[in-house]
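What the coordinates show
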Amino acid sequence: SQLIVKASNAEAKVFYHKMKGDYYRYISEYTTGSAHDAAGEKAHEAYKAATDIAEKDLKTTHPIRLGLALNYSVFYYEVKNDPGIACQLAKKAFDDAIADIDQIEEEQYKDATTIMQLIRDNLTLWTSELEEGGDEWYLNIIIYIYHNHSYSYTLMKVDQLYSKMAFFLNLFNVWCLIFVIWFK
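Cut-offs applied
- Residues numbered from 1 in each chain as written.
- Predicted model: local features only at pLDDT ≥ 70, side-chain atom pairs only at ≥ 80, totals over all residues.
- Heavy atoms only, no water.
- pLDDT = per-residue confidence, 0-100.
- Contact = heavy atoms within 4.5 Å.
- Phe/Tyr/Trp six-rings, centres within 6.5 Å; stacked < 30°, edge-to-face > 60°.
- Helix = DSSP H or I, 4+ residues; strand = E, 2+ residues; numbered from the N terminus.
- Buried < 20%, exposed > 50% of the residue type's maximum accessible area, 1.4 Å probe, protein only.
- Core = buried A, V, L, I, M, F, W, Y, C linked by side-chain atoms within 4.5 Å.
- Axes fitted to C-alpha atoms, helices over the stretch in contact; angles between N-to-C directions.
- Parallel < 35°, antiparallel > 145°, perpendicular 65-115°, else oblique.
- Left-handed = near helix turned anticlockwise from the far one by under 90°.
- Nonpolar A, V, L, I, M, F, W, Y, C, P; charged D, E, K, R; others polar.

Another point: the confidence of the model for the protein. The predicted model of the protein has a mean per-residue pLDDT of 78, with 67% of residues at 70 or higher. This model gives residues 137–167 a pLDDT under 50, and the stretch forms 30 contacts once residues within four places in sequence are excluded.

Working definition: an aromatic ring pair is given by the centre-to-centre distance plus the angle between the planes. Evaluation of the coordinates by the stated rule reveals 8 aromatic pairs. Measuring from ring centre to ring centre gives 5.6 Å for Tyr47 and Phe75, while their planes differ by 55°; the resulting arrangement is tilted. Taken as a pair, Tyr47 in helix 3 (residues 33–57) and Phe75 in helix 4 (residues 63–78) lie far apart in primary sequence, 28 residues in all. By relative accessible area, which is 0% here, Tyr47 ends up buried. Considering the side-chain rings of Tyr77 and Trp126, the 4.6 Å spacing of their centres and the 10° angle between planes classify their relative orientation as stacked. Separated by 49 residues along the polypeptide, Tyr77 in helix 4 and Trp126 in helix 6 (residues 109–132) bring together distant segments of the chain. Like Tyr77, the residue Trp126 is buried in the burial classification.

The residue Gln108 is located in the loop between helix 5 (83–99) and helix 6 in this model. Owing to a relative accessible area of 17%, Gln108 belongs among the buried residues under this scheme. Gln108 has contacts with His62 and Pro63, leaving out every residue within four places of it along the chain.

Here the focus is the nonpolar core. Val14, Leu66, Phe75, Ile119 and Trp126 are the most contacted members of the largest nonpolar core, which totals 37 residues. Sorting the residues of this core by element identifies helix 2 (10–30), helix 3, helix 4, helix 5 and helix 6 as the ones contributing at least two each. Here this core takes 10 residues from helix 4, the largest share from any one element. Excluding residues that lie within four positions of it along the chain, Phe75 makes contacts with Arg25, Gly40, Ala43, His44, Tyr47 and Lys80.

This part covers the packing of helix 3 against helix 4. Contact geometry for helix 3 and helix 4: axes closest at 10 Å, N-to-C directions at 150°. Taken together, the axis directions place helix 3 and helix 4 in an arrangement best described as roughly antiparallel. Judged by the twist between their axes, the crossing of helix 3 over helix 4 is left-handed. Facing helix 3, whose interface residues are Gly40, Ala43, His44, Tyr47, Lys48, Ala50, Thr51, Ala54 and Glu55, helix 4 presents Arg65, Leu68, Asn71, Tyr72, Phe75 and Tyr76. Here the residues of the contact of helix 3 with helix 4 are counted per class, giving 8 nonpolar, 4 polar and 3 charged.

Looking at where Ile101 falls in the secondary structure, it is placed in the loop between helix 5 and helix 6. Distance in space between the C-alpha atoms of Ile101 and Thr61 is 6.7 Å, their sequence separation being 40 residues. Sequence-distant contacts of Ile101, that is, excluding residues within four places in its chain, are made with Thr61 and Met116.

So, in structure tokens, the structure goes:
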């Protein structure tokens, strides 16, 4: 915590918050019960603080920002068991970096592209696991989208939700297929 307070620039602050998040993520991966929950919450707080600073002050292609996105998405996948948010975080970081790829500084090029490859590898793995895992993950994504965009949402039977959201689900399946083909 003293390192974070004494950090003099955004890069250092993001790095130290990320390290703190990583530390608590590792703890949460091997603990159970309330210790798991407490470590997970501390990891989330640290990753969130790092993300807020990184989005404001670091380029989308900065290796520390990309490493943060990689680890934060792994946190959601492994600790929170939320592949929908994990994929969303990873995809946003990857897409933002691709859009700004011409801005990668020469001395950061190798690190940035290596981390981007790791993000892409995780997305490929996670989307293939989601496709194999059945349809229940669709609900998590749909509920997350509704929750984060403050739309009113009425709970309904799963089959009613699927029929009302069939168009969205088909579009999402097409996107996943395009993504897998594009990045093979």
